[in-house]
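# Close look at the chain arrangement
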Amino acid sequence: MLASRPSLAATKIQRLVSPGGIEAWFVQDSTVPLIAMEYSFGGGASQDPAAKPGVGNLVADLLDEGSGDLDSKTFHERLDRRAIELSFSSQRDNFRGSLRMLKDNKDEAFDLLRTALTSPRFDAPDVERIRAQVLSNLRRESTNPSSLAGRKFLEVAFGDHPYGRSAQGTLDSVPKIEIAELKEYVRRVLAKDTLKVAVVGDVDPDTLGKLLDHTFGSLPAKATLTPVADIVAAKPPQRAFIPLDVPQTVVTFGGPGIRREAPEFMPAYVVNHILGGGGLSSRLYREVREKRGLAYSVYEALVWMEHSSLFIGNTGTRADRAGETVDAIEKEVRRMAEEGPTQKELDEAKSYLKGSQMLALDTSSKLAQALLQYQIDKLPIDYIEKRNAIVDAVTLDDARKVSQRLWGQGLLTVVVGRSSQAAAQPASAPSAATPPAASPPPAAPSAAKPSAPN
């Protein structure tokens, strides 16, 4: 279902507006008879009721469990018979969806999506079955050190802000979610005024315009969203420790990041690649893995949301070496803040980031995902063409200034494992080491993870 074409990213991107006013970024490509569509609505997990996180996630899991006069079994049979791929997800700031099909099956695919969005059934047996699956996953995550560390990190960073709550919900909240609340979420969030669409594939503009109107045209004109405040993540340094009897201790670290719209974003993106985003070539990998043998892997990434931003990293090590691992990470982060990268590191990072762009957009699905993310990030439609010049424009002075801004305050650090040794290591501020109740998330905020190269 994924058409591989290295030249896809260089294909002309059109701004298409349907007769009914639905706008989409569109790349017409007839190399293979496939169509990939990515779309999103504003809102996502930030629109969950404060006392019931997980409503949007449950909606996402249930929209393909029957709609209109089709029960769950019949709906899935229709998808399977035509090899139609349909999925939904509730992320921090957006409710996203994906649709992929063969060209000949486009009418049925778009119609099934239309009914899923406009007349989901939420039949009680399906709701309870999916709820049980979500709870099973949450119970599994409650003993997963990476999940525990990610959840606690968000709590430390964002407190009682919506970003501090689990997008998947909790073992307490998910059993209490009622069908009426699922229907209310759909009514409030799935509306045309926040809709963004990206389409790549073998379809002409006129036909696509009609499909978009048929699919999205009957949605409410305006969403009814609860306002979400801007927030800066908690100021480092802070430490938290969660005791858990597991073989490997997990360390999640991070702090306030750079907003996507900030002029300093691209310098931050480039220098972050040098510190922890460059895989085997990153400074953290060399210091933690190659020189000291403390961990199998270590990474660090920029994460941006509509109302905040983070840098966040993760590694795992033996319990008796957790303190040494935290010290090594802090030392390297501090060195980057004080000195910045070298000119050689900067040149190599820029070369890699420019060359990897096209390889990252080599299928219709990847390109559609990127085009949607660029719309969410409020980037211009010709961003792909301009991006390498923006990377090239980053100077060593830019990189050093943003390094100090990002990493000069130290780290928020969460340690999960058998020993509190790592949490007890000296830090430049008192430790926040009260163990929380066991409950999950991913190591990086789920909605915040960008799905496209930048």
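Quantities reported herein were computed from a predicted structural model and do not represent experimental measurements. (Residues numbered from 1 in each chain as written. Predicted model: local features only at pLDDT ≥ 70, side-chain atom pairs only at ≥ 80, totals over all residues. Heavy atoms only, no water.)

### Quick word on the sheet that holds strand E1 (residues 14-17)
One open sheet accounts for 6 strands, arranged E1-E2-E6-E3-E5-E4; its pairing is mixed. In this open sheet, the two strands that pair with only one neighbour each are E1 and strand E4 (85-90). Within this sheet the neighbouring strands show an average axis-to-axis angle of 20 degrees, counted without direction. One ladder, built from 6 bridges, connects strand E3 (residues 34-42) with strand E6 (residues 196-201); its direction is antiparallel. Note that in E6 the partner of Tyr39 across the bridge is Val197. Against the sheet, helix H7 (residues 205-216) touches E1, strand E2 (23-28), E3 and E6, its axis set at about 50 degrees to E1. (Pairing = 2+ DSSP bridges. Helix = DSSP H or I, 4+ residues; strand = E, 2+ residues; numbered from the N terminus. Axes fitted to C-alpha atoms, helices over the stretch in contact; angles between N-to-C directions. Contact = heavy atoms within 4.5 Å.)

### Structural notes on the pattern of salt bridges
Under the defined criterion, the tally for this structure stands at 34 salt bridges. Here Glu155 ties to Lys152 by a salt bridge, and the two come within 3.7 Å at their closest N and O atoms. Of the two residues, Glu155 and Lys152 are both situated in helix H5 (residues 145-158); the distance of 3 residues between them amounts to about one turn of the helix. For Lys152, a relative accessible area of 14% translates into the label buried. One continuous salt-bridge network, built from bridges that share partners, spans Arg283, Arg286, Glu332, Arg335, Glu339 and Glu345. (Salt bridge = Lys/Arg side-chain N within 4 Å of Asp/Glu carboxyl O. Buried < 20%, exposed > 50% of the residue type's maximum accessible area, 1.4 Å probe, protein only.)

All quantities given are derived from atomic positions and should not be read as evidence of function.
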